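Structure assessment
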Amino acid sequence: SGAGKTETIKIVMNHLATVEGTRPSSPLDLVKSTSSEHGAGTVERVLRANPLFEAFGNAKTLRNDNSSRFGKFTQLQFDVEDHDLAQREGRHIPICELAGSKCITYLLEKSRVVSVSEGERTFHIFYQMLGAPDTDKEQIWKEGLVGFDTSDFAYLRNVPANNIDGLASGDNWSETVDALSIFGIHDDLFLHLMRSLCVILQLGNLTFGMDVVEGEERSTISSPDVLSKLSSIMGVSEQEIESAMTKRSFSMRGEEVTIALKDNEAKDGCDALAKEIYARVFDLLVAKINDRTEPRSSPTHGTDYGTISLLDIFGFESFTVNRFEQLCINYANERLQQKYVGDNFQAIKSEYEDEGINVFDFSLIDNSHVMELLEGKLGLITQLNEECVKKNGEDENFVYKFNLVNSDSSSLIQNPLHRNYEFAVRHYAAPIKYDARKFIERNLDKIPADLLKCACKSTNPLIQEEFQQLSSKLEAPKSAGPKKRSEATKHFVVTKFKQQLTSLMSLIEDSRTRYIRCVKPNKSSRPKIMDHTHTVSQLESAGLVTAIIISRESFPNRLSYELVLERFRFLSYKFDDCRLGCGNVRKDAEELLNHLLKGISADTHSGKAKAFACGKTKVYFRAGALEMIETIRQEHYAKAAIRLQAWIRPISLKQIYQKARRGIILLQSEVRRLIASKSLAKKLRSALVIQCFFRKTLASMEITRRRENHAATIIQTRWRGMKPRVEFSNIRVKTIQIQSMARMMMAKKTVSFKRKEREEQCAMDTRMSIIQQNFDDATTVGGGTVFSVDEGLLEEVETMFEFLRKEIVVLRKKNTKLKKELAESESDKR
């Protein structure tokens, strides 16, 4: 217990989820992701179930702060692609899509709800709820949660106050609430579930006392305030609760009989109701998780889902006082140890027996005698069930009969110092002494009919529905006549647990099994500390040390006779008296091995033994024997290899030398060529430099000569051009003077002509004006007409004057135009 099984399972599930998240996506993923509630995919829902199981099923024990108080078998279901289809599409590994999961739980330790040992705690969910924010508490139950802590509830009172990394405090409350919502537990259903837990806490606060009524002692509820609160949260009247708690009704010869209970009996009934409510809440939680994680459709590929199953079951437990729960837990571990032994050693044992080889003592690891003591025909389960079938069965009678019937069993420890309610079993891990008190009660696991009826009347739908279902099962019609033994015991806890384990073993048998051994390094649960004594004791208890011893005594290596002769026949030359070839491969192989392993023996628990054994078809070698022969064979091959190397190395070295010599010659030739090339290039560069210098000198001389010739030519040219330029300049000055005089004379002629023309125009205009004036004066004197003139003649004269004016204007324009053309023609001639 506390070795890390639960954490290991979480690591494995996270690993599988990581692999699922990294595989290539497929169209099916989109459909799943869009249809998932609250946006949580299949992988997330599978992983988010872990916090819920930890909150409702884990508790702090003396050895583990987060101990699983139930067994869990998680079956991950994969939609596996058809292998042929994957091959056709070019995939060597078929696609596996996580389609869902299914959880099966075993043996919830519901007694932890009402009682825990010193230094331990009940389930984490109670502490998380009390550590929740006040707003959440008000929604759940304001009167009973707000302002209250663990010291206010009897079931939580005697526990240490320290937190456990947030597991059993309000730190993980929001995570638990979120996880519940993913699985459909929200709103009203969430409140009903939490109020059911409040009912449990309130049941723990009920106290009972004794009162004398009509001379008879009767139990009464001595805490009326608690009863009032319980009635409020449960939805049942105070009178009905008190009657169900303090009285018992049953039928006797057709009559209803009611008896009063003692205070301790009433308290036991109250605790039984609290345990049953929590068990029903846990079962509802498991059902909701399975409903949301199980695949809702058939697999896309094939007819069945592929599965990877993870078993997280309680570890072997040994406390100062070991009760019914420890017996069931250790019984489950014995079954698993039996499966482990069968998987790892039974096949080897069968093979040795078939080959006719003496088998070592398997009793060192075989726990079948313990299983016979626990579940045999006269074993513990049978004796306990028989005592439970009796009407007034007692724990002491069960212990007495069990010790008496199985007194010859080597697994039963007989100790005269044991009390009459104690017995001890020699388990594979360690001897355990059990306290059988309340074995009968816890195996029956009955809730009184009065309390059952009272719970069915609750206004909390969760409690009401769950207990109505339980009531209908208990009130199922019973067959007439005497009951068979199996029929009478099928509802007992140990019987149901045995059936669950048998079913679990069947599931495991149909699969390939892998074991993860968890070892607790120290008792203080501190990191990086290894307590070697504690660790080795766990390995011994788990049977691993014994398994290693047996493995050393067994034959880890085996070879067929033909293969032995094929591999080692050539070594017979080492022995002069080794004669092979008799025609019997077994005798030849045995003769050869006797010589090769002469003087070699193996240490076993029974003394010295031969290093090998010959079976019907194979030779079996003890640890180290085959390695020794292989060493001899390797040494022979090593010597032969050395001789072969001594012959081949000179040839190889000669070839290497010749190849190196040819390479060196080629290298030298290349180097010489490079040196000559560099020398030639240097000489060419030097010649080129000299040629360039000589050409430069010649070019400089030529340039100087040409510059001198050019300068002389320029001087001559300028000297020769000076006289013509002077003469040209003189002629040009005289020509300009002549042109100026000529232009002046022409301008004078033009001016005089224009003046004369202007004078003629003015004279013409004057004469026309005079004629006009004379004509006007002749026709009009002082504003009156002197003589009459023909109007038509006047108009004709005026028209003639107007025409003459226009003609004069036209002639002037033509004259101006002709003058302009004459001037342009003269300028063109010049």
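Residues numbered from 1 in each chain as written. Predicted model: local features only at pLDDT ≥ 70, side-chain atom pairs only at ≥ 80, totals over all residues. Heavy atoms only, no water.

1. What about the overall build of the protein?
The criterion, for reference: Helix and strand definitions follow DSSP, with helices as H or I runs of at least four residues and strands as E runs of at least two, each counted in order from the N terminus. Residue contacts are counted whenever heavy atoms from the two residues lie within 4.5 Å of one another. Computed with the Shrake-Rupley method and a 1.4 Å probe, the accessible areas treat only the protein chains shown as cover for residues.
Counting its regular elements, the protein contains 27 helices and 19 strands. Sequence separation of 24 or more characterises 70% of the internal contacts of the protein that already satisfy a separation of 6 or more. For the protein, the accessible area works out to roughly 49700 Å², and carbon and sulfur atoms hold 55% of it.

2. Describing the sheet that holds strand E13 (residues 557-560)
Sheet strands line up and pair through hydrogen bonds in the backbone, either parallel or antiparallel. Operational definition: At least two DSSP bridges between two strands are required for those strands to pair. Axis angles are defined between N-to-C directions and span 0 to 180 degrees, where every axis is a line fitted to C-alpha atoms and, for a helix, only to the segment in contact.
What the 3 strands build is an open sheet, ordered E13-E17-E16; its pairing is antiparallel. Edge positions in the sheet fall to E13 and strand E16 (612-614), since each of these pairs with one other strand and no more. On average, each strand axis in the sheet is tilted by 20° relative to the strand beside it, whichever way the strands run. Sheet analysis places E13 next to strand E17 (residues 618-621), joined by 4 bridges and oriented antiparallel. When the sheet's bridge partners are listed, Leu559 is paired in E17 with Val619. Against the sheet, helix H24 (residues 561-568) contacts E13, E16 and E17, and its axis sits at roughly 90° relative to E13.

3. Quick notes on the environment of Thr300
Selection rule: Under the scheme applied here, a residue whose accessible area is under 20% of the maximum for its type counts as buried, over 50% as exposed, and between as partly exposed, the area being computed with a 1.4 Å probe on protein chains only.
In this fold, Thr300 is placed in the loop between helix H12 (263-293) and strand E9 (306-312). A residue is classified by how much of its surface remains accessible, and Thr300, at 52% relative accessible area, is exposed. The spacing of Thr300 and Glu81 is 219 residues in sequence and 7.8 Å in space, taken between C-alpha atoms.

4. Digging into the confidence of the model for the protein
A low pLDDT means the predicted coordinates there should not be read in detail. Filter applied, for reference: Confidence scores per residue from the predictor, reported as pLDDT, run from 0 to 100.
Averaged over every residue, the pLDDT of the protein is 84; residues scoring 70 or more account for 90%. Segment residues 26-40: pLDDT under 50, and 20 contacts once partners within four positions in sequence are set aside and those in other chains are kept.

5. Notes on a nonpolar patch on the surface
Filter applied, for reference: Like-charged residues are merged into a patch within 9 Å and nonpolar side chains (Val, Leu, Ile, Met, Phe, Trp, Tyr) within 5 Å, provided each residue has over 30% relative accessible area and no salt bridge. Salt-bridge detection follows one rule: a side-chain nitrogen of Lys or Arg within 4 Å of a carboxyl oxygen of Asp or Glu.
Together, Leu378, Tyr400, Leu404 and Val405 give the surface a local cluster of nonpolar side chains, amounting to about 410 Å² of exposed area. For Tyr400, the location among the structural elements is in helix H16 (residues 395-405). Look at Tyr400 and you get exposed, because its relative accessible area is 56%.

6. Examining the sheet that holds strand E11 (residues 422-426)
In space, the 3 strands of this open sheet follow the order E10-E11-E12, with antiparallel pairing throughout. Unpaired on one side and paired on the other, strand E10 (412-413) and strand E12 (431-435) mark the two borders of the sheet. Pairing of E10 with E11 involves 2 bridges; the strand directions are antiparallel. Of the residues in E11, the one forming a bridge with Leu412 is Val425.

7. Remarks on the pattern of salt bridges
Inspection of every chain in the model, using the stated rule, returns 27 salt bridges. Linking Lys390 and Glu387 is a salt bridge whose minimum nitrogen-to-oxygen distance equals 3.6 Å. Since its relative accessible area comes to 2%, Glu387 is described here as buried.

8. Structural notes on the nonpolar core
Rules: Think of a nonpolar core as a cluster: buried Ala, Val, Leu, Ile, Met, Phe, Trp, Tyr and Cys residues, connected wherever their side-chain atoms sit within 4.5 Å.
Phe56 and Met194 are the most contacted members of the largest nonpolar core, which has 74 residues in total. With 12 residues, H12 is the largest single contributor of residues to this core. Excluding anything up to four places from it in sequence, Met194 contacts Phe56, Ile125, Met129, Ile140, Trp173 and Leu180. Counting residues in each nonpolar core, the second largest holds 41 residues, with Phe314, Ile381, Phe423 and Met505 among its members.

9. A word on the packing of aromatic side chains
Defined as follows: Each Phe, Tyr or Trp ring, with Trp reduced to its six-membered ring, pairs with another whose centre is within 6.5 Å; inter-plane angles below 30 degrees give stacked pairs, above 60 give edge-to-face pairs, and intermediate values give tilted ones. In our convention, an over-ring charge means Lys NZ or Arg CZ found within 6 Å of a ring centre and within 35 degrees of that ring's normal.
With the rule as written, the count across this model stands at 19 aromatic pairs. Ring centres 6.3 Å apart and planes at 50° place the aromatic pair Phe148 and Phe153 in the tilted group. Accessibility expressed as a relative area gives 2% for Phe153, which makes it buried. Here the aromatic rings of Phe316 and Tyr428 are separated by 5.9 Å at their centres, their planes lie at 70°, and the arrangement is edge-to-face. Here the residue Phe316 occupies a position in the loop between E9 and helix H13 (324-355), and Tyr428 occupies one in the loop between E11 and E12, the gap between them amounting to 112 residues. Classification of Tyr428 as partly exposed rests on a relative accessible area of 22%. An aromatic cluster is defined as three or more aromatic residues linked by ring pairs; in this entry it consists of Phe324, Phe398, Phe402, Phe423, Tyr434 and Phe439. The ring of Tyr127 is capped by Arg121, whose NZ or CZ atom sits 4.6 Å from the centre of that ring. One residue, Arg517, lies across the ring of Tyr340, its end atom 4.6 Å from the ring centre.

10. A word on the packing of helix H9 (residues 187-205) against helix H19 (residues 461-474)
Think of two packed helices as two axes; the pair is described by the angle between the axes and how far apart they sit. Quick note on the threshold: For classification purposes, angles smaller than 35 degrees are called roughly parallel, those larger than 145 roughly antiparallel, those between 65 and 115 roughly perpendicular, and all remaining angles oblique. Residues are grouped as follows: Ala, Val, Leu, Ile, Met, Phe, Trp, Tyr, Cys and Pro are nonpolar; Asp, Glu, Lys and Arg are charged; every other residue, Gly included, is polar.
Interaxial distance between H9 and H19 falls to 8 Å at its minimum, and their mutual angle equals 75°. Between H9 and H19, the interaxial angle falls into the category roughly perpendicular. Across the interface between the two elements, Leu189, His192, Leu193, Ser196 and Val199 of H9 pack against Pro461, Leu462 and Ile463 of H19. Among the residues making up the contact of H9 with H19, the classes are represented as 6 nonpolar, 2 polar and no charged.

11. Observations concerning unusual backbone geometry
Glycine aside, the phi torsion of most residues is negative, and most peptide linkages are trans. Of note, the phi angle at Asp187 is positive, near 55°, even though the residue is not glycine. Residue placement: Asp187 occurs in helix H9. Using a relative accessible area of 58% as the deciding quantity, one classes Asp187 as exposed. Residue Lys528 is not a glycine yet carries a positive backbone phi of 60°. Summarising the element assignment, Lys528 is placed in the loop between helix H21 (493-509) and helix H22 (532-541).

12. Observations concerning the side chain of Glu317
Spelled out, the test is: By the criterion applied in these results, polar contacts are pairs of N or O atoms within 3.5 Å in which, for protein atoms, one can donate a hydrogen and the other can accept it, and in which residues neighboring in sequence qualify only through two side-chain atoms.
Relative to the elements of secondary structure, Glu317 occurs in the loop between E9 and H13. Glu317 sits in the buried class, given a relative accessible area of 1%. Among the polar contacts made by the side chain of Glu317, one reaches the side chain of Arg69 at a distance of 2.8 Å. There is a polar contact of 3.1 Å between the side chain of Glu317 and the side chain of Gln326. Every residue in contact with Glu317, bar those within four places of it in the chain, is listed here: Ser1, Arg69, Asn322, Gln326, Ile329, Asn330 and Ile432.

13. Thoughts on the side chain of Glu334
Heads up, the condition is: Here the positive residues are Lys and Arg and the negative ones are Asp and Glu; neither His nor the chain ends is included.
Structurally, Glu334 is set in helix H13. Put simply, Glu334 is tucked away with no salt bridge, and the nearest opposite charge, on Arg335, sits 9.3 Å away. Engagement of the side chain of Glu334 in a polar contact is seen with the side chain of His427, the distance being 2.8 Å. If sequence neighbours within four positions are ignored, Glu334 has contacts with Asn367, Val370, Met371, Leu374, His427 and Tyr428.

14. Details of helix H15 (residues 380-389)
Burial analysis of H15 places 8 of its 10 residues in the buried class, which makes it a mostly covered element. All of the buried residues in H15 are Leu380, Ile381, Thr382, Gln383, Leu384, Asn385, Glu387 and Cys388.

15. Some thoughts on the packing of H13 against H21
To keep things clear, this is the line we draw: Should the near helix be turned anticlockwise from the far one by less than a right angle, the crossing is termed left-handed; should it be turned clockwise, right-handed.
The geometry of H13 relative to H21 is characterised by a closest axis approach of 11 Å and an angle of 25° between their N-to-C directions. Put simply, H13 runs roughly parallel to H21. Here the hand of the crossing between H13 and H21 comes out right-handed. Listed contacts from H21 to Phe324, Cys328, Tyr331, Ala332, Arg335, Leu336 and Lys339 of H13 are Val493, Val494, Phe497, Lys498, Leu501, Thr502, Met505, Ile508 and Glu509. Across the contact of H13 with H21, the residue classes tally to 11 nonpolar, 1 polar and 4 charged.

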